[in-house]
Amino acid sequence: MKPVPHATSLRRAPVQRRSAERLTRILDACAELLDEVGYDALSTRAVAQRAGVPIGSVYRFFGNKRQMADALAQRNLERYTERVVERLSRTRAEGAGEGDWRTAMDVVLDEYLAMKRTAPGFSLIDFGNQIPVGGRQAEPNTLIADRLTGLLSGHLGRRPDDTLRRVFLVAVESADTLVQLAFRLDPHGDEAIIAETRELLRAYLGRVLD
């Protein structure tokens, strides 16, 4: 699992292991404080104190807390992708065949729900949805749809073309809206709404992928 986000989100990329570990501590502290105080009350000084690093170490990587939130969102995306890849590998080893899009859809949704429930700071940041960062081309749901297109096209035996990308974007946008509703109704995610979300995705994707 990658400990740090892609270097483009940083003022300076870590080169040495010690520097990478310090960056990991900073992002971990940022995630914990987001759960405790929220984004508005978050400060780079508080993050430095929680991480046990000098404030200059935070500014070495980030100019402000928005850049830090962006890096955390990128790290979440990388960790989510790795979780999906691991689960898909396990399902194949357990006998689920290539092209089984229903299994793939369950993995994609279940791993998102697991992070939503357990990953520090994820309920606010996830992949950037709650605190927008970057331009329109970097919108979180578009990033997810593009990532899933590349990740699942081989599993599904389909070309990663614009049609598949559009299908995944519609599915991601729909699921995102309904999952947000589920967690507004219940802090752990309303199971009835989640079940309806799963059925909606099956009906829509079945029309395209079967």
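Refer to the structure above for everything that follows.
Residues numbered from 1 in each chain as written. Predicted model: local features only at pLDDT ≥ 70, side-chain atom pairs only at ≥ 80, totals over all residues. Heavy atoms only, no water.

Engineer: Looking at this structure, I do not really get the packing of aromatic side chains. What am I missing?
Structural biologist: Between two aromatic rings, the relevant description is the distance of the centres plus the angle of the planes. Under the criterion given, the structure shown has 6 aromatic pairs. With a centroid separation of 6.3 Å and an interplanar angle of 55 degrees, the aromatic rings of Phe61 and Phe62 are classed as tilted. Each member of the pair, Phe61 together with Phe62, is buried. Summarising the aromatic geometry, the rings of Tyr80 and Tyr112 are spaced 6.5 Å apart at their centres and angled 90 degrees between planes, so their arrangement reads as edge-to-face. Placement of the pair is Tyr80 in helix α4 (residues 65-93) and Tyr112 in helix α5 (residues 101-118), with a sequence separation of 32 residues. Summarising the burial analysis for this pair, Tyr80 and Tyr112 share the class buried. (Phe/Tyr/Trp six-rings, centres within 6.5 Å; stacked < 30°, edge-to-face > 60°. Buried < 20%, exposed > 50% of the residue type's maximum accessible area, 1.4 Å probe, protein only. Helix = DSSP H or I, 4+ residues; strand = E, 2+ residues; numbered from the N terminus.)

Engineer: Sorry, what's going on with unusual backbone geometry here?
Structural biologist: Across residues other than glycine, the phi torsion is negative in most instances, and most of the peptide bonds are trans. Positive phi, close to 30 degrees, is recorded for Asp126, a residue that is not glycine. Structurally, the position occupied by Asp126 is in the loop between α6 (122-125) and α7 (140-156).

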